[in-house]
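Structure at a glance
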Amino acid sequence: MRPGKLCGLAVVVALAATACGGARGSGPGDDPGASGRGSGFPVRIADCQGTTTTFAAPPRKIVTSNAAALEMLLRLGAGDRVIGTGFPPGKGALPGELGERAGKVPVLGKHVIPKEKLLASGADLYIDTFASMGAMGGAGDAPTPEEFRAAGIKHLYLASTACARTNGKPQRDLSAVEGDIKRLGAVTGTADRADALVAGMRAKLAAVHEAVGGLAADERPTYFFFDYDAGTKQPMAVCRKQLANAVITLAGARNVFDGCDGDFTAVSWEDVVAKDPDWIQLAVRNRGDDAADDAAYDRAAAFLKSFPATKGLTAVRKGRFLRIGSERTTIAGVRNAETVEQIAHTLHPTRFKAAR
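For the structure given in this document, a descriptive report is provided here. Starting afresh in each chain, residues are numbered from 1 along the sequence in its written order. The predicted origin of the model limits local features to residues at a pLDDT of at least 70 and limits the giving and counting of side-chain atom pairs to 80 or more, whereas totals for whole chains, interfaces and linings rest on all residues. Hydrogens and water molecules were not included; the side-chain quantities draw on all heavy atoms of the structure.

Moving on, we get to the nonpolar core. In this structure, I127, L174, I181, L184, Y223 and I343 are the most contacted members of the largest nonpolar core, which totals 56 residues. Contributing elements (two or more residues each) for this core: β2 (43–46), α1 (67–76), α2 (96–103), β7 (125–128), α7 (175–188), α8 (191–212), α9 (243–250) and α14 (335–347). Going along the chain from the N terminus, every DSSP run of H or I of four or more residues is numbered as a helix, and every run of E of two or more is numbered as a strand. For this core, the leading source of residues is α8, giving eight residues. Note on contacts: a residue pair qualifies if any of its non-hydrogen atoms lie within 4.5 Å across the two residues. Excluding its chain neighbours within four sequence positions, the residues that come into contact with Y223 are I248, A253, R254, N255, V256, P277, W279, Q281, L322, I343 and L347. Counting 24 residues, the second-largest nonpolar core is a separate cluster that includes Y228, I280, A301 and V316. Among buried residues, those of type Ala, Val, Leu, Ile, Met, Phe, Trp, Tyr and Cys that are joined through side-chain atoms within 4.5 Å constitute a nonpolar core. For every residue, the accessible area obtained with a 1.4 Å probe (protein chains only) is divided by the maximum for its type, and the residue is called buried under 20%, exposed over 50%, and partly exposed between those limits.

As a further point, take the packing of aromatic side chains. In this scheme Phe, Tyr and Trp rings, the latter by its six-membered ring, pair at centre separations within 6.5 Å, and the angle between planes marks the pair as stacked below 30 degrees, edge-to-face above 60, and tilted otherwise. In the structure shown here, the tally under the stated rule is ten aromatic pairs. Plain terms: the ring middles of F226 and W269 are 5.7 Å apart, the flat faces sit at 65° to each other, and that makes the pair edge-to-face. Within this pair, whereas F226 is found in strand β9 (residues 222–227), its partner W269 is found in helix α10 (residues 269–275), the two being separated by 43 residues in sequence. Considered together, F226 and W269 belong to a single accessibility category, that of buried residues. Among the aromatic residues, those joined into a cluster by ring pairs are F224, F226, Y228, F257, W269, F303 and F307. Criterion for a charge above a ring: Arg CZ or Lys NZ at most 6 Å from the ring centre, at most 35 degrees from the ring normal. Stacked on the ring of F55, the Lys or Arg K154 has its end atom at 5.7 Å from the ring centre.

This brings us to the pairing of strand β3 (residues 52–55). Side chains T53 and F55 of β3 all project onto a buried face; the interleaved residues T52 and T54 project onto a face where none is buried. Bridge count between β2 and β3: four bridges; the pairing is antiparallel. Bridging across to β3, R44 finds its partner in T54. Only when DSSP finds a minimum of two bridges between them are two strands counted as paired. Here β2 folds back onto β3, and the loop between the two strands holds five residues, one of which, G50, carries a positive phi near 95°.

Quick look at the sheet that holds strand β5 (residues 82–86) now. Spatially, β6-β5-β4-β7-β8 is the arrangement adopted by the five strands of the open sheet, whose pairing is parallel. Unpaired on one side and paired on the other, β6 (107–109) and β8 (154–157) mark the two borders of the sheet. If you compare each strand with its neighbour and ignore which way they point, the axes differ by 25° on average. Here β5 pairs with β6 via two bridges, running parallel. Within β6, the residue paired with G86 across the bridge is G109. Fitted lines through C-alpha atoms give the axes, limited to the stretch in contact for helices. The angle between two N-to-C directions lies from 0 to 180 degrees. In the packing of α7 onto the sheet, contacts are made with β4 (62–64), β7 and β8, and the angle to β8 comes to roughly 155°.

Now for the packing of α1 against α2. Packing of α1 against α2 leaves a shortest axis separation of 10 Å and a crossing angle of 115°. Here the hand of the crossing between α1 and α2 comes out right-handed. For the pair formed by α1 and α2, the contact residues are L70, E71, L74 and R75 on the first element and L98, R101 and A102 on the second. Each helix crossing is assigned a hand: it is left-handed if the near helix lies turned anticlockwise from the far helix by less than a right angle, otherwise right-handed if that turn is clockwise.

Turning our attention to the state of the cysteines. The disulfide definition used here is simple: a pair of cysteine sulfur atoms within 2.5 Å. Enumeration over the complete set of coordinates arrives at two disulfides. At a sulfur-sulfur separation of 1.9 Å, the disulfide partner of C48 is C163. Taking the torsion about the S-S bond as the criterion, the C48 to C163 disulfide, at about -75°, is left-handed. Taken together, the positions of C48 in the loop between β2 and β3 and C163 in the loop between α6 (159–162) and α7 put the pair 115 residues apart, joining distant regions of the chain. With respect to burial, C48 and C163 carry one shared label: buried. Two residues share a disulfide in this structure: C239 and C260, whose sulfurs sit 2.0 Å from each other. In this structure, the disulfide formed by C239 and C260 twists by about -105° around the S-S bond and is classed as left-handed. Of this pair, C239 sits in the loop between β10 (236–238) and α9 while C260 sits in the loop between β11 (254–255) and β12 (264–266), placing them 21 residues apart in sequence.

Structure below.
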């Protein structure tokens, strides 16, 4: 969830690997996949606070906190080791066979997995997407490090989302997402597949960068991520340390709340009106099928068009809405690169026509 080198937040390294800055160990901006070649073990991972966990062999029973980590493991070819998940993907949330396989994973919690169920799951690895999100706003009671150890469960964070607030830099690229994929590849012994996934993402991002990467700040339209499902009484903004800020920036736009620190923050409609965004993403969460999703997008647009504070906004008056799901913008995964593509092509169609 952080750009740049990100040394010292989350790390994958075999014993023979070189460290970030020269000492033993490396940072999440390094190439953890390179240390997962061959046997690749032992592998060491450092969490957001720098506490290191060593993997002597690939985990055999994995629990994921939500659909983001589950999707990564499925794409890496390690989905058969997942014995349970929280926040399962809704029907239709993942494409084709990926969705079918995800649907067979036991659901340990429709939201945050209850602590007792997680500790009794028999897992040897728990992949945690949340961390600094405070167990999703207090929705769950997370096990302590001592409880994880007593249950024989190693605890691994997705740095791109879990470590957002603790990182000192804003997110303006997808290096942290790439790092998560490579770290999971190293831990599960699927480093080659991780490299292939990252290469696919980079190819998409390179094409977008060629078209819009050189835009000056005043050439980039302003962009508001409207988290409709967070409620309409008080909007929730994505700030500079949230993954969505990177997605928006890479797509050639300016997040209107790039100035706020952290990942998410509550703002007022007066704040949104003062920003008067050129474009608004109607970010709804997956409902389970296309018709339900479309209805949610319609409701989000109807609200903005009828609400006195927002109906006069430039984006609303001109109908400049993007109907893009919340999860693929704010939660780490391969599809973040696809979201960058979709936003960029919508906002800058002539630049892509010229590039053909």
